[in-house]
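# Analysis of the macromolecular model
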Amino acid sequence: MADSRNKLSTEAVGHAVAACLSRHSKPGDTVTVGFSGGLDSTVLLHATNRLVGDASLGLSACHVHHGLSPCADAWAESCRKFCSSLGIPITVLRVEVPARSGEGMEAAARRMRHKALSDQPADWVLIAHHADDQAETILHNLLRGTGVRGAAAMPESRGRVLRPLLGLGRAILLEYASAHHLTWIEDESNVDLRYTRNFLRREIIPAIASRFPRASEQLAAAARHFSEADSLLDDLATMDLGVSRPEFPLQLALFRQLSDARARNLLRAMLGWHKAQPPDERRLREFVRQLRTAGTDRHPRLDLLRYSLWCEGGRLHFRVPD
């Protein structure tokens, strides 16, 4: 029975990776796998390596060295050895995580890792997020008060970044690893419940799953529905822009001729298109109210950690600090 389950898991992982690559890549493309050395990325790299020959793709791996753990050097060496055993070229990138970014060490490290991977000179960058990660992200975003965009969580594709495993739970990855006798790194920080995502992963999601066994898969399906709704809201924002380009500065008259809800949607979309996180709902509502009602002698302004919005000359301006 165990052998049968392992075979099904192997087929599920291989099919998910192959289907994702077939939807997005073409023969001759280059693919880099973000490889931390943990279970998820080890399975993804191993499964992708089994497919690239038939798909005529060039494969490499990239390990981001944060230097946050005393084991970081050993992890990088372990990744090098694994890649060497499979004949896969690997790049180890050292990044410095800002200690006082205001976003927390966990979020700052994740942002630096994603940026380093996104900068890789490959046609496609594969990341090993799976259905359990998706469920965790949805809950985290909803508890932070985000709207439809946050509930959409992580898409399968965004630019050159692909997430082939989003439809599979971690249990399937464990069975795949067992079937292929894979070993992986365990990051000691993953058990630290001071980090919100660890708390959700280890305490909240298992409690939900005890009552709803398919919770991760169902939340991942909900994320796909929210993603469709988010796409439709982007279409609405494009319609509301009319002949205006989706670029700042933007005429304040656009916000004043829309309803409150559509004005907020337009600002959310504009920030999303500029890869900026919208403010929390309370601040967003108040700022949009000011945009729609302020007289010519008033200049509403919103200064956040990663960008500023302000009104000048009848237009809304946007700036990312140096």
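So, here is what we can say about the structure in this document. (Residues numbered from 1 in each chain as written. Predicted model: local features only at pLDDT ≥ 70, side-chain atom pairs only at ≥ 80, totals over all residues. Heavy atoms only, no water.)

Moving on, we come to the overall build of the chain. Of the regular secondary structure elements, the chain holds 13 helices and ten strands. Here the chain has a C-alpha radius of gyration of 22 Å; the compact-globule value for 322 residues is 20 Å, and the two agree. Taking all 322 residues of the chain together, 43% fall into the buried category. Of the contacts formed within the chain by residues at least 6 apart in sequence, a portion of 69% connects residues at least 24 apart. Total accessible area computed for the chain in this model is approximately 17,400 Å², and 53% of it derives from carbon and sulfur atoms. Across the chain, the centroid of the 42 positively charged side chains sits 4 Å from that of the 37 negatively charged ones. (Helix = DSSP H or I, 4+ residues; strand = E, 2+ residues; numbered from the N terminus. Rg over C-alpha atoms; globule rule 2.2 N^0.38 Å. Buried < 20%, exposed > 50% of the residue type's maximum accessible area, 1.4 Å probe, protein only. Contact = heavy atoms within 4.5 Å. Areas by Shrake-Rupley, 256 points an atom, 1.4 Å probe, with all protein chains shown as cover. Lys, Arg positive; Asp, Glu negative; His and termini not counted. Charge placed at Lys NZ, Arg CZ, Asp CG, Glu CD.)

Okay, the packing of aromatic side chains next. Under the defined criterion, the tally for this structure stands at three aromatic pairs. Look at Phe35 and Phe82: their rings are 5.6 Å apart centre to centre, the planes differ by 40°, and that puts the pair in the tilted class. A residue pair is termed long-range when its members are at least 10 positions apart, and Phe35 in the loop between strand E1 (30-34) and helix H2 (39-49) and Phe82 in helix H4 (residues 72-86) qualify at 47 residues. For Phe82, a relative accessible area of 16% gives the class buried. Summarising the aromatic geometry, the rings of Tyr307 and Phe318 are spaced 5.5 Å apart at their centres and angled 35° between planes, so their arrangement reads as tilted. Pair noted here: Tyr307 is in the loop between strand E8 (301-303) and strand E9 (308-312) and Phe318 is in strand E10 (residues 315-319), with a separation of eleven residues, a long-range link. (Phe/Tyr/Trp six-rings, centres within 6.5 Å; stacked < 30°, edge-to-face > 60°.)

Turning our attention to the layout of surface pockets. The computed volume of the second largest pocket comes to approximately 240 Å³. Forming the walls of the second largest pocket are 19 residues, and the residues nearest its centre are Glu156, Arg163, Leu166, Gly167 and Arg224. Going through the elements one at a time, helix H1 (2-24) and helix H10 (215-241) are the ones with two or more residues in the lining of the second largest pocket. A breakdown of the residues in the lining of the second largest pocket according to their chemical character gives eleven nonpolar, four polar and four charged. (1 Å grid on protein atoms, 1.4 Å probe; cavity = no way out; pocket = protein on both sides within 12 Å on 5 of 7 lines; lining within 4 Å. Points joined across faces, edges and corners; volume = space filled by probe spheres on them. Nonpolar A, V, L, I, M, F, W, Y, C, P; charged D, E, K, R; others polar.)

Looking now at the sheet that holds E10. The strand order across the open sheet built from four strands is E7-E10-E9-E8, with neighbouring strands paired in antiparallel fashion. Either end of the sheet is taken by a strand with one partner, and the two such strands are strand E7 (250-251) and E8. Pairing analysis gives five bridges linking E9 to E10, with the strands arranged antiparallel. Bridge pairing in E10 links Trp310 to His317. Contacts from helix H13 (residues 281-293) reach E8, E9 and E10 within the one sheet, and its direction differs from that of E8 by about 150°. (Pairing = 2+ DSSP bridges. Axes fitted to C-alpha atoms, helices over the stretch in contact; angles between N-to-C directions.)

Once that is clear, we can look at the sheet that holds strand E6 (residues 161-162). One open sheet holds the six strands; their spatial order is E3-E2-E1-E4-E6-E5, and the pairing between them is mixed. With one partner strand each, in any of the chains shown, strand E3 (90-94) and strand E5 (157-158) form the two edges of the open sheet. Here five bridges tie strand E2 (residues 58-65) to E3, and the two strands are oriented parallel to one another. Looking at E3, one finds that His65 is bridged to Arg94. On top of the sheet, H2 reaches E1, E2 and strand E4 (124-126); it is set at about 160° to E1, its chief contact. Running over the sheet, H4 touches E2 and E3 and is turned about 170° from E2.

Turning to the packing of helix H12 (residues 260-273) against H13, a few remarks are in order. One way to put it is that H12 packs onto H13 with a least axis distance of 10 Å and a crossing angle of 110°. If you check the angle between H12 and H13, you find them roughly perpendicular. Seen from above, H12 lies across H13 with right-handed handedness. When H12 is examined against H13, the residues Asp260, Ala263, Arg264, Leu267 and Arg268 are found in contact with a partner set consisting of Glu281, Leu284, Arg285, Phe287, Val288 and Arg292. (Parallel < 35°, antiparallel > 145°, perpendicular 65-115°, else oblique. Left-handed = near helix turned anticlockwise from the far one by under 90°.)

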